[in-house]
Each structure stands twice: as structure tokens, then as C-alpha cells.
Amino acid sequence: MNEKYIPLYRKYRPQKLEEVVGQEHIKKALKNAIELNKISHAYLFTGPRGTGKTSTARIFAKSLNCKEGPTINPCGVCENCVDITNSTPMDVIEIDAASNRKVEDAQNILEKVMYAPVNSRYKIYIIDEVHMLSTTAFNALLKTLEEPPENVIFILATTEVHKVLDTIKSRCQRFDFKRITTDDIVKHLRYISDKEKINITDDALFTIAKNSAGGMRDSIALLDQLSVLDGEEAISTDDINNLLGRLSFDTLNSLADKIVNSKPQQAIEELENIYNSGNEPVQILTNLMDYLKNLLIVKNCRKEIAFELTQANDAQVKALSSQAENVETHQIVFLIDKCSEYIKELKLTNNPRLWLEVAIIDLANLTENTSLVELQSRIARLEGGNVQPAKVSAYKTAPAPVMKPEMQKAEHAKPDIVLHKDAESIPVQQKPQEKVPVEAKVENISNDNDFSPMPKSKHSDGGDISVLWSRLLENVHSAPTRALLKQWANPVKIAPDETILTMKNEIFLNQVQSGSKKQAVVDAVNALFAQENSNVIIRLPHADDVQVQPASVPEVHQEQPKPKPSPVMKPVQMEPEVQPEEVEKLKEEIHKPAKSESASKIVDSLHSDNVNMVMEIFEGKVID
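Just so you know, these numbers come straight off a predicted model, no measurement behind them. (Residues numbered from 1 in each chain as written. Predicted model: local features only at pLDDT ≥ 70, side-chain atom pairs only at ≥ 80, totals over all residues. Heavy atoms only, no water.)

## Re the confidence of the model for the chain
Next up, step 1: Of all residues in the chain, 73% attain a pLDDT of 70 or more, and the chain-wide mean is 76.
Next up, step 2: The low-confidence segment residues 566-578 (pLDDT under 50) makes 28 contacts with residues lying over four places distant or belonging to another chain.
Next up, step 3: A low-confidence stretch, residues 589-599 stays under pLDDT 50, and its non-local contacts, those more than four residues away or across chains, total twelve contacts. (pLDDT = per-residue confidence, 0-100. Contact = heavy atoms within 4.5 Å.)

Pasting the structure below:
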């Protein structure tokens with residue numbers, strides 16, 4: 001009874017490199033360094049907590065200072081080995097950088113470095129949590145770390161290597177300690193349990209290993225805590241869950257079953273029992289999220305991999321597989337995401353139970369929630385313009401019809417309307433737009449013979465590319481982009497298979513080639529030809545590029561103009577005749593925008609390019 005109790009993690013601390021669990025790559029490197037007598041002056045051990053950094057540093061110091069050494073198997077009975085084991089060595093100095101982080105502490109180390117070892121071969125400084133040193137303390141150690149006195153070795157240990165100065169790391173040999181695997185932890189815990197005669201099941205050891213996050217020290221400490229529960233019955237997973245405040249698998253399976261099957265009433269009743277058992281809200285949702293993670297793994301992975309990743313037994317994996325048949329993968333991901341959001345809310349709120357109940361009810365409405373999320377996603381895509389409404393764009397504005405010389409008649413011939421060969425024959429008053437194929441082309445005609453059955457279409461200069469260029473600009477919804485293209489762009493080719501535009505200035509070319517401006521041009525071409533993913537090329541002008549001339553102002557004759565010949569309707573179907581007065585009215589409406597547009601171009605030419613661009617963007621005018 002008078003003997004002082006030693007915690008298990010201290011009692012079973014490794015004393016030789018072979019006893020270190022895992023870290024095979026580090027053990028091999030240190031053994032070779034000792035056997036080949038290639039001992040460096042500075043080492044940096046980094047890795048998660050409880051993975052053996054400080055223990056390995058002590059073993060390495062013992063191997064170097066053993067009376068029979070340097071050796072990979074220290075005797076453990078000589079004075080130096082015993083002192084290191086009891087943490088009372090003269091020449092192996094352990095420093096906690098968290099409490100000795102000032103520059104004065106670093107200077108104190110430097111003052112003592114100059115003294116030779118007392119009883120040992122090497123004077124070794126083990127600085128734990130070295131990332132806690134201040135920048136000035138680091139700088140004070142720089143020169144000594146680079147060229148320390150003979151027989152002085154520094155071993156730096158840290159869990160946050162990114163906080164260590166690069167100048168320090170470059171002067172050390174770095175060894176990265178990895179997390180210990182679950183199997184290795186379970187084997188070592190079984191060894192300790194047998195030595196200490198602790199009656200515990202293998203499932204309980206797996207649960208301990210999973211809760212340690214790859215740290216051996218945390219696993220042994222939890223086993224030490226559970227050893228007081230040892231009795232006639234073996235320590236089970238339920239005992240661990242009760243001790244840690246975790247939910248059992250059966251409890252989580254029952255709660256998840258209510259959630260997956262969208263039973264909010266029963267889920268709330270299950271939650272009431274769980275909460276009244278003393279479980280914290282954050283812990284409940286955290287355990288539920290971990291359970292859903294295992295459910296996701298079982299649904300998407302092979303059985304062998306599921307056993308390894310979930311660390312569940314056969315019965316548990318079978319229950320997860322049965323439950324996974326009633327839920328889709330995206331629904332499980334949705335539940336995990338929701339759990340993560342509500343955990344954040346629980347950590348910030350003053351009423352955690354309220355948010356816990358809201359979270360369970362929200363999760364239990366799984367079917368309705370996933371349908372709503374899908375609907376919201378579709379609406380967002382439509383509002384963002386990512387989906388091209390192909391069916392809506394089935395009809396497009398028809399180009400001006402072709403006027404051929406043989407179609408002209410006498411001066412006072414009865415005016416008729418000629419429709420495109422692929423268009424439907426309907427009266428002009430009832431059809432402002434015509435359904436035409438994308439491959440329809442417009443032939444060059446003079447201003448006097450220009451006629452269109454569409455009262456709202458603008459007057460064109462008669463060229464194919466000029467007409468298409470005008471319509472393309474109309475389809476650009478962004479006013480700044482439209483103004484930039486109108487001022488600085490020139491169309492070389494506008495066709496369904498390829499559209500080529502040139503920019504007069506390289507600066508504006510870079511602006512249009514990337515970002516939303518390029519996408520606006522692509523969308524305009526898509527709308528022009530009623531297609532998707534149009535090929536648009538924007539480049540600098542070439543010498544052989546054809547310049548598109550602006551529409552000219554129609555001439556005004558002093559004498560009485562002759563009546564324009566009217567086209568002849570092809571005998572497709574019987575159509576109601578169109579009166580000459582209606583035709584003249586349509587022609588006047590067509591010519592008026594052209595004159596206004598030409599006059600506007602003449603006025604715009606009196607200003608600079610920048611002024612015209614600003615006027616186009618803000619739809620303004622110059623006031624004298």
C-alpha cells in the first residue's frame with residue numbers, strides 16, 4: 001500500500017528502439033546512424049502527440065551515452081542508462097520550451113553549452129515543444145545549432161513544425177513521426193492488459209484505439225482509467241461509452257433508423273431518452289455524424305475495406321448494410337453536412353437543447369429536405385444562366401428576304417409579300433417573326449430594294465456579316481461589353497460552326513478573352529444561332545481581314561421618287577392580300593430607324609472613342 005502507483009503510460013514507456021510501437025522508418029534510420037557512426041549535431045522530431053517523439057529522444061540519448069556504446073542496445077544498468085531512465089541525468093538536459101521560451105533562457109543554454117560532459121560521451125539537449133520558443137530565442141540558438149561545440153547534440157521535438165523557423169529546420173535532420181495504426185495500438189494494449197491482468201474484450205480495445213486518434217499515450221491512459229472497472233465480467237464497449245459519454249452502436253442505430261425513414265416524432269422520443277441519460281448535445285450529434293460516416297463507408301466500399309475503416313464487428317457491419325439499402329449516398333452526405341452545421345450552432349448558442357431538437361427534426365425530414373435542396377439547386381442554375389433554354393429559343397428573328405431582279409414588276413404593280421422558302425405563309429400582321437433555319441443567308445441588296453416583313457427589325461446595310469454582327473450585338477445583355485465590342489471589335493466571320501472577332505487594341509483584347517465578357521459573347525452567339533457551346537475566337541486583326549463598313553445614309557432625291565417595285569408572292573397557299581398602304585407604312589417604319597441610326601453615327605463621330613463608350617454604357621448624351 002505504501003508503494004507509489006505509477007501510471008501505465010509511464011510504466012510501459014519504451015526503453016529500447018525495438019520497443020517503440022510503429023515508426024519503423026525512424027527506428028531503422030537511427031540504428032544505421034549509430035552503427036555507421038554518423039551522428040548529427042541536431043535532430044528535429046515532429047509528429048502528433050503520443051507517437052513517441054520524447055521517448056525516442058531519450059532512447060537515442062541512452063544509446064549514445066551508454067558505457068558500452070554507442071550501441072543500438074543500451075545495457076540499461078550502467079549509471080548513465082539508469083539516470084536517463086529515472087529522468088535524473090547530468091549530461092542529458094530536458095527543457096520544456098513552453099515554460100522556457102524567453103531569450104534569457106536561450107542565453108542560459110548557450111552559456112552551459114561550452115562546458116564538456118561530466119560523465120558521458122555526449123552532452124545532449126532535448127528541447128520539447130520547441131515551437132513555443134520566441135523568435136528572439138530561436139535567433140539566439142541559430143549559430144550554436146549550426147556549429148555546436150564538440151560532443152554537444154540538440155534534439156528538438158514539436159507537434160507543430162510549421163511554427164518552427166525555416167532557418168532552424170535547415171540546420172537539423174528531420175524525422176516525421178506518423179500516427180500509430182489501430183492494429184498496432186490494439187496489439188500493444190492487449191500486451192499491457194495481459195501483463196496487468198485487466199479483463200477487457202477485443203471490441204473494447206478497438207474502441208479505445210479509435211478514440212486515441214493514433215496516439216499510444218492516450219490509448220494507454222484510457223486503458224489505465226478503465227482498469228478500475230475490472231471485475232467478474234470483462235470490460236465492454238458499453239463501459240467505455242458510459243465512461244466517455246459516448247452513445248452505443250445500438251442507440252445510434254435506432255436513432256439513425258428513425259432519421260433515415262423520416263419519422264420525426266419517433267426520433268424526438270428517442271432523443272429524449274438519450275438526452276436524459278446525461279449525454280451532452282454536442283456529443284450526441286458528434287457520435288451521430290461518426291455513425292453516418294460509417295454508414296456512408298459501408299454503402300460505398302467493399303466489405304473488407306468497410307471492416308478496416310469502420311473498425312466495426314460483423315453484426316454491426318451487417319446492420320449498417322441493411323440500413324444503407326434504404327438511403328442514397330447523396331442523402332447520407334446531406335445528413336453529415338447538416339450535422340456539421342448544427343454542431344457549430346450548438347457551440348455558439350446559449351440554449352443547446354433547443355438546437356439539438358431542431359437538428360433532429362430537420363434531419364428526420366430527410367425525403368422532403370433532399371427534394372427541396374434539389375429544387376433549389378435547379379432554380380439557382382436557371383437563374384445563374386448555366387442552363388441554356390434550348391426549347392424556348394426554337395424561333396429566331398428571320399433575316400431580310402432576298403429581292404431578285406426577275407421578281408420586280410411594273411411601276412404600279414400590285415404589291416405582294418414574298419416569304420422565305422422555308423418559312424410558313426402567314427399574313428404580316430399576324431406573324432412578326434418567322435421560323436427559319438440557322439443556315440439561312442442574306443444576299444446583298446441596295447437600300448432602294450430593301451424590304452422586310454418584320455416591322456420591328458432594324459434596317460441593315462445589306463451585308464450578311466453586317467446583319468449578323470448587328471444582331472449579335474443586340475444579344476449581348478451586358479451594356480459595358482456591348483459598348484466595348486461596338487467600339488473596338490470587328491467581325492471577320494460569324495457562322496454557326498465558328499465565329500471570329502478581332503479587337504483593335506490589345507488591352508481590350510485581354511479584357512474580352514477572359515472572364516464574363518467572353519462568356520457574354522458566347523451566350524450572344526448561342527442565342528443568335530439557337531445552339532450551345534458555340535466556338536468563338538477573339539484575336540488581334542490580320543492584314544487580310546475584311547473590315548465591315550457601317551450602314552450608309554440613304555440618299556434623298558429632289559425629284560419625285562419612283563414607286564418601288566414590290567416582290568411577288570410564290571403560289572404556296574392562298575393568302576389574304578396585303579394593301580399597298582400597309583406596305584408603304586411598313587417601309588417607312590423600317591427606314592426611320594436606319595436614318596436615325598445613321599444620323600446618330602454622324603454625331604458620334606464628332607466625339608472621341610472614350611466619350612462614345614461612356615454614352616453607350618450609361619445611355620446618355622452630350623449636353624453643350
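On we go.
## Quick look at the pattern of salt bridges
Next up, step 1: Within the structure shown, the criterion is met by 18 salt bridges.
Next up, step 2: E196 serves as the salt-bridge partner of K11, at 3.0 Å between the closest nitrogen and oxygen. Of this pair, K11 sits in helix 1 (residues 8-11) while E196 sits in helix 8 (residues 182-196), and the two are 185 residues apart along the sequence.
Next up, step 3: A relative accessible area of 48% places K11 in the partly exposed class.
Next up, step 4: Note on E196: relative accessible area 26%, which makes it partly exposed.
Next up, step 5: Between D194 and R190 there is a salt bridge, with the nearest N and O atoms lying 3.7 Å from each other. One end of the pair, D194, and the other, R190, are both in helix 8, four residues apart, so they sit about a helical turn from each other.
Next up, step 6: Overall, D194 belongs to the partly exposed group, its relative accessible area being 48%.
Next up, step 7: Connected through salt bridges with shared partners, the residues R190, D194 and D202 form a single ionic network. (Salt bridge = Lys/Arg side-chain N within 4 Å of Asp/Glu carboxyl O. Helix = DSSP H or I, 4+ residues; strand = E, 2+ residues; numbered from the N terminus. Buried < 20%, exposed > 50% of the residue type's maximum accessible area, 1.4 Å probe, protein only.)

## Thoughts on the side chain of Q323
Next up, step 1: Mapped onto the fold, Q323 is located in helix 16 (residues 314-324).
Next up, step 2: In this structure the side chain of Q323 is engaged in a polar contact, spanning 2.7 Å, whose partner is the side chain of Y291.
Next up, step 3: Ignoring any residue separated from it by four or fewer positions in sequence, one finds Q323 in contact with N253, A256, D257, Y291 and L295. (Polar contact = N/O pair within 3.5 Å; in protein donor to acceptor, adjacent residues only side chain to side chain.)

## What about the nonpolar core?
Next up, step 1: Within the largest apolar cluster, 36 residues are counted, with the highest numbers of intra-cluster contacts made by L285, L288, L292, L295, L335 and I360.
Next up, step 2: Elements that contribute at least two residues to this core include exactly helix 12 (249-260), helix 13 (264-276), helix 14 (281-300), helix 16, helix 17 (329-348) and helix 18 (352-364).
Next up, step 3: Residues in contact with L295, not counting those within four places in the same chain, are L320, Q323, A324, V327 and I332.
Next up, step 4: Core analysis: the next-biggest nonpolar cluster, separate from the first, contains 23 residues, V113, Y125, I168 and C172 among them. (Core = buried A, V, L, I, M, F, W, Y, C linked by side-chain atoms within 4.5 Å.)

## Side note on the packing of helix 13 against helix 18
Packed helices, taken two at a time, are described by the angle their axes make and the gap between the axes.
Next up, step 1: With their axes 9 Å apart at the nearest point, helix 13 and helix 18 run at an angle of 145° to one another. In this structure, helix 13 meets helix 18 at a crossing whose hand is right-handed. Residue-level inspection shows P264, A267, I268, L271, E272 and Y275 of helix 13 in contact with helix 18, the latter providing R353, L356, E357, I360, I361 and A364.
Next up, step 2: Residue composition of the contact of helix 13 with helix 18, grouped by class: nine nonpolar, no polar and three charged. (Axes fitted to C-alpha atoms, helices over the stretch in contact; angles between N-to-C directions. Left-handed = near helix turned anticlockwise from the far one by under 90°. Nonpolar A, V, L, I, M, F, W, Y, C, P; charged D, E, K, R; others polar.)

## Side note on the sheet that holds strand 7 (residues 499-503)
Next up, step 1: Spatially, the three strands line up as an open sheet ordered 6-7-8, and their pairing is mixed. In the strand order of this sheet, the two ends are held by strand 6 (489-494) and strand 8 (536-539), each with one partner. Averaged over all neighbouring strand pairs, the angle between strand axes comes to 20°, with direction disregarded.
Next up, step 2: Of the strand pairs in this sheet, strand 7 and strand 8 are connected by four bridges, and their pairing is parallel. Bridge pairing links L501 to I538 in strand 8.
Next up, step 3: Those strands touched by helix 21 (residues 479-488) are strand 6 and strand 7, and its axis lies near 85° from that of strand 6.
Next up, step 4: Its contacts with the sheet put helix 23 (residues 516-529) on strand 6, strand 7 and strand 8, and the angle it makes with strand 8 is roughly 135°. (Pairing = 2+ DSSP bridges.)

## Brief notes about the side chain of N65
Next up, step 1: Residue position: N65 is located in helix 3 (residues 53-65).
Next up, step 2: Excluding its chain neighbours within four sequence positions, the residues that come into contact with N65 are N80, V92, S120, R121, Y122 and I124.

## Digging into a nonpolar patch on the surface
Next up, step 1: Taken together, the side chains of V228, L229, L243 and L244 define a hydrophobic patch exposed on the protein surface, amounting to about 340 Å² of accessible area.
Next up, step 2: Tracing the sequence through the fold places V228 in the loop between helix 10 (216-226) and helix 11 (237-244). (Patch = residues over 30% accessible without salt bridge, like charges linked within 9 Å, V, L, I, M, F, W, Y side chains within 5 Å. Areas by Shrake-Rupley, 256 points an atom, 1.4 Å probe, with all protein chains shown as cover.)

## Some thoughts on the packing of helix 12 against helix 16
Next up, step 1: With their axes 11 Å apart at the nearest point, helix 12 and helix 16 run at an angle of 5° to one another. In terms of orientation, helix 12 and helix 16 fall into the roughly parallel class. Contact residues: F249, N253, A256 and D257 in helix 12; Q316, A319, L320 and Q323 in helix 16.
Next up, step 2: Among the residues forming the contact of helix 12 with helix 16, the class breakdown is four nonpolar, three polar and one charged. (Parallel < 35°, antiparallel > 145°, perpendicular 65-115°, else oblique.)

## Here we look at unusual backbone geometry
Next up, step 1: At Q23, a position not held by glycine, the phi torsion is positive, near 55°.
Next up, step 2: Relative to the helices and strands, Q23 resides in the loop between helix 1 and helix 2 (24-35).
Next up, step 3: With relative accessibility at 6%, the residue Q23 sits in the buried group.
Next up, step 4: Even without a glycine there, the phi angle at N37 is positive, about 60°.

## Focus: the pairing of strand 1 (residues 42-46)
Next up, step 1: The buried fraction of strand 1 is high, at five of five residues.
Next up, step 2: Of the two faces of strand 1, the one lined by A42, L44 and T46 and the one lined by Y43 and F45 are each fully buried.
Next up, step 3: Here five bridges tie strand 1 to strand 4 (residues 152-158), and the two strands are oriented parallel to one another. If you follow T46 over to strand 4, its bridge partner there is T158.
Next up, step 4: Relative to strand 5 (residues 173-176), strand 1 runs parallel, the two sharing four bridges. Bridging from a neighbouring strand, F45 pairs with F175 of strand 5.

## Structural notes on helix 20 (residues 464-475)
Next up, step 1: Along its twelve residues, helix 20 runs 17 Å from first to last C-alpha, staying within 8% of the 16 Å computed at 1.5 Å per residue.
Next up, step 2: Along helix 20, the residues that are buried comprise S466, V467, W469, R471, L472 and L473.
Next up, step 3: Where helix 20 is buried, its residues contact helix 21, strand 6, strand 7 and helix 23. (Expected span 1.5 Å × (residues − 1).)

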